[in-house]
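# Descriptive analysis of the structure
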Amino acid sequence: QEQLVESGGGLVQPGGSLRLSCAAFGFNLDYYAIGWFRQAPGKEREGVSCISSMDDSKRYADSVKGRFTVSRDNAKNTVYLQMSSLKPEDTAVYYCATRVGGILCPAEGMDHWGEGTLVTVSS
């Protein structure tokens, strides 16, 4: 069965770092654009980052530029989101999602979704 599994969430202090993983099972991530999304309590889902299936180009939301870095390890069939200089407003459930042959990562166009991992930034 095709599945995405996020991991790495937890409690971290403001200014700290955390690395999230998104592992794919049953399909090859090489053919997919991978997006990271997040949803905070009482807030709408927002896109965090996108890595293209075509040229591996990367895009980030303005709110995380310079602090978050997305990467992919094809050998491990896994995508990572390295988060640094974390702020309380980064608290959210983080999801990864895929789009076959994708260049961009529109939320409505993603065809696989993980169930999310909770990141809490607090003292």
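Residues numbered from 1 in each chain as written. Predicted model: local features only at pLDDT ≥ 70, side-chain atom pairs only at ≥ 80, totals over all residues. Heavy atoms only, no water.

## Describing the nonpolar core
- In terms of nonpolar packing, the biggest core is built from 26 residues, with Trp36, Phe68, Leu81, Met83 and Tyr94 touching the most fellow members.
- Those elements that provide at least two residues to this core are β3 (18–25), β4 (32–39), β5 (46–51), β7 (68–73), β8 (78–83), β9 (92–100) and β11 (117–121).
- The element that contributes the greatest number of residues to this core is β3, accounting for four residues.
- With six residues, the next largest nonpolar core counts Phe37, Cys50, Cys105 and Met110 among its residues. (Core = buried A, V, L, I, M, F, W, Y, C linked by side-chain atoms within 4.5 Å. Buried < 20%, exposed > 50% of the residue type's maximum accessible area, 1.4 Å probe, protein only. Helix = DSSP H or I, 4+ residues; strand = E, 2+ residues; numbered from the N terminus.)

## Description of the pattern of salt bridges
- With the rule as written, the count across this model stands at five salt bridges.
- Notably, a salt bridge pairs Arg72 with Asp56, separated by 3.6 Å at the nearest N-O pair. Remark: Asp56 occurs in the loop between β5 and β6 (58–60) and Arg72 occurs in strand β7; sequence separation between them is 16 residues.
- Within the structure, one salt-bridge network assembled from shared partners comprises Arg38, Glu46, Arg67 and Asp90. (Salt bridge = Lys/Arg side-chain N within 4 Å of Asp/Glu carboxyl O.)

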